[in-house]
Amino acid sequence: MSSIPLRKSFISRDLALVLSLRLWQAGAGLLTTILAVHFLSPEIQGWYYSFISVAALYSLFDLGLSMVLVQVSAHAFTGLSWKPDGSVEGEATAYFHALAHSALRWYGVTALVFLVVIVPGGILFFGTKHSASIEWLTPWLVLCSFTAAGLIVTPFLSILEGTGQIGRVYALRLTLAVCGSLSCWATLASGAGLWATVMVPAATLLIPLIWLLRYRRGLLQIALSKAGQGFAWRNEVWPLQWRLGINLLCGYLLTQINIPILFHTQGAVIAGQLGLSLAIVNTLGLVAQSWITRRVPQMARAAATRDWHALDQMFKRDFTISSAIFVVMALGVLAADAWFADTKYAQRVLPFWQLAGLLVFVFSNQLIGGLAAHLRSFRREPFMAALSTSAIVTVPIIFWAATHYSSAGLVTVLASVNLLVNLPIACFIWYRCNRAWRHDS
């Protein structure tokens, strides 16, 4: 049995790049919050975050494939190596070629379907809240176009990440995050309002595309060429993909859809408070997840080679660090909210105890996500039934609570269900599957 080498340092190069991206997102999110409060009215702030929330539906059309490709390509790249032109060599080259070709074809269809569905859907939804003082239609069309086109480059980054190119991928993602944020800030400062929502999707498309054309043209040619042999999408990808897709749908229903719900039931101002609060607490989650994210390809290879010691060592160490860091940052956010309670910035987010409840909700999501990442190393997804059942039951309650008790009722339902129901069930499933699957493999 081969052993997966572990880096003993607290901050490795890959982790440093992942952390740099997350920390930039955290700092940029804070500055974006300040600029949004300064340059946008409370009403337009609600439109701003509602735009972002509805456009985030692209993750549902992805059906979890971006995460699955990391796992599948980590397995498929065994015995292969990169050539200077960005192509690969080794015995399983044809299999890898077929994977890349099938992934690009899938995302091409997905981008088209997303555009056809989301454009008229958004026009119908936002049209019911039409305001003569807000120019929203053209920014919405451009936002949807860039978001759809950005799906085309997604499979290449996931495949590169799965093959061990974590440093390159996250350096690229850091570059596009910096460029997207800078252009977003400039747009906000210029008074262009909702056009600021377009900037990050534009960077997400253009910067990776330029990088791929320059440094990984061989991978592009592989994906565009005739498919290789030996890869069966239905057997290799689809069993995990559709389960992850349902999980993402449930995640959307329990997080991002809450902003449009408040937008519809309580108006743009309260929706903007939730949107800004979610942006802050989700950023904490992204930073804390860095320790687990950089280990995903290594955990997949450890599971493939049955190196249980390396798998357990990687997971336990990084899961503990990730959880502790989230708690420390969450306490810092609550302290800052209390300190600036009398300023207009605190008034643009949820009240203190609602913000605390939202942090409890996101932290429990963080724990569930860490357990799920560990089990996906086996190329399986056991949480689908539990999370889908929870979402089906919870969403109607959320809508009722938002209608009658505004954001306070919504946050109470989210935090209670996640902490008292979803997290205990996830822990039980993780314990049972972690033992059983090792024996089965």
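Figured I'd write up the structure that's included with this text. (Residues numbered from 1 in each chain as written. Predicted model: local features only at pLDDT ≥ 70, side-chain atom pairs only at ≥ 80, totals over all residues. Heavy atoms only, no water.)

1. Quick notes on the overall build of the protein chain
Looking only at helices and strands, the protein chain has 20 helices and two strands in total. For 441 residues, the compact-globule estimate of 2.2 N^0.38 gives 22 Å, and the C-alpha radius of gyration of the protein chain, at 22 Å, lies within 12% of that figure. When each of the 441 residues of the protein chain is scored for burial, the buried share is 54%. Charge-centre separation for the protein chain: the mean point of 29 positive side chains lies 4 Å from the mean point of 16 negative side chains. (Helix = DSSP H or I, 4+ residues; strand = E, 2+ residues; numbered from the N terminus. Rg over C-alpha atoms; globule rule 2.2 N^0.38 Å. Buried < 20%, exposed > 50% of the residue type's maximum accessible area, 1.4 Å probe, protein only. Lys, Arg positive; Asp, Glu negative; His and termini not counted. Charge placed at Lys NZ, Arg CZ, Asp CG, Glu CD.)

2. Section: a nonpolar patch on the surface
On the surface, a nonpolar cluster with roughly 440 Å² of combined accessible area is contributed by Val109, Leu112, Val113, Val116 and Val117. One can find valine 113 in helix H5 (residues 93-127). (Patch = residues over 30% accessible without salt bridge, like charges linked within 9 Å, V, L, I, M, F, W, Y side chains within 5 Å. Areas by Shrake-Rupley, 256 points an atom, 1.4 Å probe, with all protein chains shown as cover. Salt bridge = Lys/Arg side-chain N within 4 Å of Asp/Glu carboxyl O.)

3. Re the state of the cysteines
A full pass over the atoms with the stated rule returns zero disulfides. You can see cysteine 433 has no disulfide; the closest cysteine sulfur is in cysteine 427, sitting 13 Å from it. (Disulfide = S-S within 2.5 Å.)

4. Description of the nonpolar core
Formed by 111 residues in total, the largest nonpolar core has its most connected members in Trp47, Phe96 and Trp140. Trp308, Leu311, Leu423 and Cys433 belong to the second largest nonpolar core, which has 26 residues in total. (Core = buried A, V, L, I, M, F, W, Y, C linked by side-chain atoms within 4.5 Å.)

5. Describing helix H2 (residues 42-55)
Between its terminal C-alpha atoms H2 stretches 20 Å, which fits the 20 Å expected from 14 residues at 1.5 Å a residue. Taking burial as the measure, the 14 residues of H2 include 10 buried ones, the bulk of the element. Those residues of H2 that sit buried are Gln45, Gly46, Trp47, Tyr48, Tyr49, Ser50, Phe51, Ser53, Val54 and Ala55. (Expected span 1.5 Å × (residues − 1).)

6. Digging into the environment of tryptophan 430
Mapped onto the secondary structure, tryptophan 430 falls in helix H20 (residues 384-440). Setting aside anything within four residues of it in sequence, one finds tryptophan 430 in contact with Phe315, Leu371, His374, Leu375 and Phe383. (Contact = heavy atoms within 4.5 Å.)

7. Considerations on the packing of aromatic side chains
Scanning the entire structure with this criterion turns up 26 aromatic pairs. Taken together, a centroid distance of 6.1 Å and an interplanar angle of 35° make the contact between tryptophan 47 and tryptophan 136 tilted. Taken together, the residues tryptophan 47 in helix H2 and tryptophan 136 in the loop between H5 and helix H6 (137-150) connect sequence positions 89 residues apart. One exposure class covers both tryptophan 47 and tryptophan 136, and it is buried. Taking the centre distance of 5.6 Å and the plane angle of 65° together, the rings of tryptophan 400 and tyrosine 405 count as edge-to-face. Residue tryptophan 400 is classed as partly exposed on the basis of its relative accessible area, which comes to 45%. One aromatic cluster is present, built from ring pairs that chain together Trp47, Phe51, Phe125, Phe126, Trp136, Trp140 and Phe263. Seen from the ring of tyrosine 170, arginine 173 lies directly overhead, with NZ or CZ sitting 5.0 Å from the centre. In this structure, arginine 216 is placed above the aromatic ring of tryptophan 82, and the distance from its NZ or CZ to the ring centre is 4.9 Å. (Phe/Tyr/Trp six-rings, centres within 6.5 Å; stacked < 30°, edge-to-face > 60°. Lys NZ or Arg CZ within 6 Å of the ring centre and 35° of its normal.)

8. Some words on helix H10 (residues 217-224)
Residues spaced three or four apart along an α-helix face the same direction, because each turn holds 3.6 residues. Residues Gly218, Leu219, Leu220, Ile222 and Ala223 constitute the buried set of H10. The inward-facing, buried residues of H10 contact strand S1 (81-82), strand S2 (88-89), H5, helix H7 (154-162) and helix H9 (196-215).

9. Regarding the pattern of salt bridges
Here the structure, examined in full by the defined rule, presents two salt bridges. Glutamate 161 is paired through a salt bridge with arginine 173; the nearest N and O atoms lie 3.0 Å apart. Of this pair, glutamate 161 sits in helix H7 while arginine 173 is found in helix H8 (residues 166-189), placing the two residues 12 residues apart along the sequence. Summarising the burial analysis for this pair, glutamate 161 and arginine 173 share the class buried.

10. Quick look at unusual backbone geometry
Located in the positive-phi region is serine 406, a residue other than glycine, with phi close to 60°. Of the residues examined, serine 406 reaches a relative accessible area of 17% and is grouped as buried.

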